[in-house]
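Coordinate inspection notes
Here's the letter readout for the chains.
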Amino acid sequence: MKLSSRGRGCCVAGSRERGPPPRSPFVHQLRLGPLQKAKIAFMTLTLFPIRLFFAAFMMLLAWPFAFIASMGSDEQELEKPLSWWRKIVDVLLKAIMRMMWLAGGFHWINVKGRRALPAEAAILTVAPHSSYFDAIPVTMTFASIVMKAESKDIPVWGTLIKYIRPVFVSRSDQDSRRKTVEEIKRRAQSDGKWPQIMIFPEGTCTNRSCLITFKPGIPATRCHILSASNSHYLPLLWSSTCCCLPLDYLTFPAATSFCIRPASQNSFASRYLTLISRAFIPGVPVQPVVLRYPNKLDTITWTWQGPGALEILWLTLCQFHNSVEIEFLPVYIPSEEERRNPVLYANNVRRVMAEALGVSVTDYTFEDCQLALAEGQLRLPSDTCLLEFAKLVRSLGLKPETLEDDLDKYATSAMKMKEQKVALREFSAYLEFPVSHTLESMFALFDENEDGVIDVREFVIALSVVCKPSKTLETIQLAFQLYQSKNGTITEEDLAHILKTAMGVSQINVTHLFRAVDEEEKGKITYDDFYRFAELHPHFAEDYLYPDQMVAEHGLETSSLSAPNGICTDFSPENAEDKNKPLQKKLN
């Protein structure tokens, strides 16, 4: 598979040219040189414990003020202007929160533009969402967020959350989704009586290289659900809007960062992510807010592949100074068409924010993140085409609930066709979809030689990965059935076709892997041979397909590439200098 000019799904802000970012927006590589390591070692022994203690102390200090201010508050009183003593408490709490961030090395926070009044814009849309440090604007504004109702009963944390008057979601109430949407609409249309609602419409954390698809509603923030095998508390005490809880005690505030392990297909998490996608539905004006972290060493970014939550916290507290810039853009007033079409509204707001940041926009989503980091023997490289393929599958109209049945149907047809290659119109008939721009883009992904024909077996393998991303061996077994000869064997060339398609790359060297599987040196292998080898070597991809990447990924280093926004590279097609870099392994 390879990306061509016909199969691109990302566009530069302000440009009509479309193309995918060569690097996944869900990956952050951080490496340190010897001098930086020595500096961090020194700071770990000196400044880090002081900062951590002081930040935690500031959060605990905020609790009694929040508790007093929350006492006796009913809904009618919350809609009234703050009384004089609550205004004093509000100022004190903001000062305490500011001291907490000061303890974290954020000595000054650069704010640009003017924050709109609640009557001017009831909703603040914040992007890009890249870290739990994105909680800074929440503590500065005390805007409302969306979170699980049970979280208000958590000691200390629950009191602080109740103070900012969030929209609570109850997972015990079957009608909670409708009620939450109605509450958001009611607050947004209250003419400024309620505090503004702050949302992160991307729905997950990225590396800020582009803006991914905005959810047309209240975004799920980077929800980080701990897997059952790792169900323990990861308290990030120094952030009043950051918390990690075990799987059976989830909280989802709109500015909170949690860990969703892609292997953990938690049904409530999926329902919650759907529930909170309602931000642009009210059709009221919103104020876009963009975040920048113009630091020489990016210890802020917390994505799906890269340093973990505690490592990010440690490295950031070990920096003498951390910069953050918050820019309030002009209020975006939707047109009548945008009021009727929340998706159009969300896309147009995203484009405005991308232009302000100087980055590209892409149609990749939270679901693509799950695909990119699903557990399995094969880890998708950062330049994989399968994210683009998954987007095209959704755009084509293949429904997730019927995808496995569709896969079986397409696989059966492909087995009958054997090595027969098809043109675009034959591919259209094979899929039973009319020729369209989306279908042409999908066809182009597999038309590597640009000769107008493709092998549908490659489509089936790619669809299997998208359908069952964590079940590597099932995909490989299906691929063997598609490529094997009458005696059930495949050659090294066949294995190369299988694995390069399963990983979404144009080239891959499988010689070492094939020789390791072909112990008898017959020049051909069966699926049973491969299965036995995979059982003995579960990390065969790391050992045989991209071993050179392992050492680099265990180190820490930041990219030296510059970016229009001063933070990270703009991975637009014309700036894709690292497009041909070697494969990079995806970590869990």
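Because the structure is a prediction, the values reported are computed rather than measured.

Glancing now at the overall build of the protein. Scanning the protein for helices and strands turns up 23 helices and 14 strands. Within the protein, the proportion of its 588 residues that are buried is 58%. Looking at the protein alone, contacts between residues at least 24 apart form 75% of all its contacts between residues at least 6 apart.

This next bit is on the sheet that holds strand 3 (residues 123-127). Read across the open sheet, the 5 strands follow the order 2-9-8-3-6; overall the sheet is mixed. On the outer flanks of this sheet lie strand 2 (109-112) and strand 6 (197-199), each paired with one strand and no other. In this sheet, adjacent strand axes meet at a mean angle of 20° when their direction is disregarded. Sheet analysis places strand 3 next to strand 6, joined by 3 bridges and oriented parallel. Paired with I123 across the bridge in strand 6 is I197.

Bringing unusual backbone geometry into the picture now. Residue A127 is joined to P128 through a cis peptide bond whose omega torsion reads -5°. Tracing the chain through its elements places P128 in the loop between strand 3 and helix 5 (136-141). You will see that R165, though not glycine, has its phi angle at about 55°, which is positive. Topologically, R165 is positioned in the loop between helix 6 (157-163) and strand 5 (167-169). Judged by its relative accessible area of 15%, R165 is buried. The phi torsion at E450 lies on the positive side, around 55°, for a residue other than glycine.

Moving on to the UniProt feature "domain: EF-hand" (unreviewed entry) in the protein. As annotated in UniProt, the feature "domain: EF-hand" (unreviewed entry) corresponds to residues 434-469 and 505-540 in the numbering used here. Helix makes up 61% of residues 434-469 and strand makes up 6%, while its end C-alpha atoms are separated by 27 Å. The span residues 505-540 shows a helical share of 50% and a strand share of 6%, and its end C-alpha atoms are spaced 18 Å apart.

As a further point, take the packing of helix 14 (residues 403-417) against helix 18 (residues 472-483). The N-to-C vectors of helix 14 and helix 18 enclose an angle of 25°; their axes lie 9 Å apart at closest approach. Here helix 14 is positioned roughly parallel relative to helix 18, judged by the angle of their axes. Judged by the sense of rotation from one axis to the other, the crossing of helix 14 with helix 18 is right-handed. Between helix 14, through L407, A411, A414 and M415, and helix 18, the contact on the second element is made entirely by L478, Q481 and L482. When the residues that make up the contact of helix 14 with helix 18 are grouped by side-chain class, the tally is 6 nonpolar, 1 polar and no charged.

Note that A55 resides in helix 2 (residues 47-70). Judged by its relative accessible area of 0%, A55 falls in the buried class. Linking A55 and I96, residues 41 residues apart in sequence, is a C-alpha distance of 9.6 Å.

Counting 62 residues, the largest nonpolar core has F389, F427, Y430, M442, F459, V460 and F530 as the members making the most contacts within it. No other element matches the 9 residues that helix 17 (residues 456-467) contributes to this core. Those residues in contact with F427 that lie beyond four places of it in its chain are V422, L439, M442, F443, I454, V456 and F459. Residues A135, W157, L160 and F200 belong to the second largest nonpolar core, which totals 54 residues.

This model, assessed by the stated rule, comprises 16 salt bridges. Put simply, R292 and E325 hold a salt bridge, and the shortest N to O gap is 2.7 Å. Of this pair, R292 sits in strand 8 (residues 286-292) while E325 sits in strand 9 (residues 324-328), and the two are 33 residues apart along the sequence. Residue E325 is classed as buried on the basis of its relative accessible area, which comes to 11%. Note that K409 is salt-bridged to E432, the shortest N-O span being 3.6 Å. You can see K409 sitting in helix 14 and its partner E432 sitting in the loop between helix 15 (424-431) and helix 16 (437-446), a full 23 residues away along the chain. Looking at E432, the relative accessible area reads 59%, which means it is exposed. Salt bridges here are not isolated pairs; linked through shared partners, they connect K112, R292, E325 and E327.

Turning next to the packing of aromatic side chains. What the rule picks out here adds up to 24 aromatic pairs. Ring plane angle 80° and centroid distance 5.5 Å describe the contact between F142 and Y163, whose orientation is recorded as edge-to-face. Here F142 is found in the loop between helix 5 and strand 4 (146-148), whereas its partner Y163 is found in helix 6, with 21 residues between them in sequence. Here the aromatic rings of Y430 and F459 are separated by 6.2 Å at their centres, their planes lie at 85°, and the arrangement is edge-to-face. Of this pair, Y430 sits in helix 15 while F459 sits in helix 17, and the two are 29 residues apart along the sequence. Here R187 stacks its cationic end above the ring of W194, 4.0 Å away from the centre of that ring.

Right, let's talk about helix 13 (residues 386-396) for a bit. Across the 11 residues of helix 13, 9 count as buried, placing the element largely inside the fold. Three or more residues of helix 13 are buried, namely L386, L387, E388, F389, A390, K391, L392, V393 and L396.

The share of residues in the protein with pLDDT of 70 or more is 72%, and the mean pLDDT across the chain is 75. Here residues 217-277 scores under 50 on pLDDT; set against residues more than four positions off or in separate chains, the count is 195 contacts. Under a pLDDT of 50 for its full length, residues 548-588 has, in the predicted model, 109 contacts with residues more than four places off or in other chains.

What follows concerns the packing of helix 14 against helix 17. Packed helix pairs are characterised by how far apart their axes lie and by the angle those axes make with each other. Helix 17 packs onto helix 14 with a crossing angle of 160° between their chain directions and a minimal axis gap of 9 Å. Taken as axis vectors, helix 14 and helix 17 run roughly antiparallel relative to one another. Considering the relative orientation of helix 14 and helix 17, their crossing is left-handed. Residues L403, E404, L407, Y410, A411, A414 and M417 of helix 14 pack against V456, R457, F459, V460, L463, S464, V466 and C467 of helix 17. Taken together, the residues of the contact of helix 14 with helix 17 sort by class into 12 nonpolar, 1 polar and 2 charged.

Another aspect to go through is the side chain of E448. Relative to the helices and strands, E448 resides in the loop between helix 16 and strand 12 (454-455). Within the structure, E448 has its side chain in polar contact with the side chain of K500 (distance 3.0 Å).

Most of strand 8 sits out of view: 7 of its 7 residues are buried. Sheet topology note: the strand 3/strand 8 ladder contains 5 bridges and is parallel. Counted as the bridge partner of T125 is P288 from strand 8. Direction of pairing for strand 8 relative to strand 9: antiparallel, over a ladder of 4 bridges. Paired with L291 across the bridge in strand 9 is I326.

Reading guide: rules and limits
- Residues numbered from 1 in each chain as written.
- Predicted model: local features only at pLDDT ≥ 70, side-chain atom pairs only at ≥ 80, totals over all residues.
- Heavy atoms only, no water.
- Helix = DSSP H or I, 4+ residues; strand = E, 2+ residues; numbered from the N terminus.
- Buried < 20%, exposed > 50% of the residue type's maximum accessible area, 1.4 Å probe, protein only.
- Contact = heavy atoms within 4.5 Å.
- Pairing = 2+ DSSP bridges.
- Axes fitted to C-alpha atoms, helices over the stretch in contact; angles between N-to-C directions.
- UniProt positions renumbered as here; feature names shortened; annotations may be inferred.
- Parallel < 35°, antiparallel > 145°, perpendicular 65-115°, else oblique.
- Left-handed = near helix turned anticlockwise from the far one by under 90°.
- Nonpolar A, V, L, I, M, F, W, Y, C, P; charged D, E, K, R; others polar.
- Core = buried A, V, L, I, M, F, W, Y, C linked by side-chain atoms within 4.5 Å.
- Salt bridge = Lys/Arg side-chain N within 4 Å of Asp/Glu carboxyl O.
- Phe/Tyr/Trp six-rings, centres within 6.5 Å; stacked < 30°, edge-to-face > 60°.
- Lys NZ or Arg CZ within 6 Å of the ring centre and 35° of its normal.
- pLDDT = per-residue confidence, 0-100.
- Polar contact = N/O pair within 3.5 Å; in protein donor to acceptor, adjacent residues only side chain to side chain.

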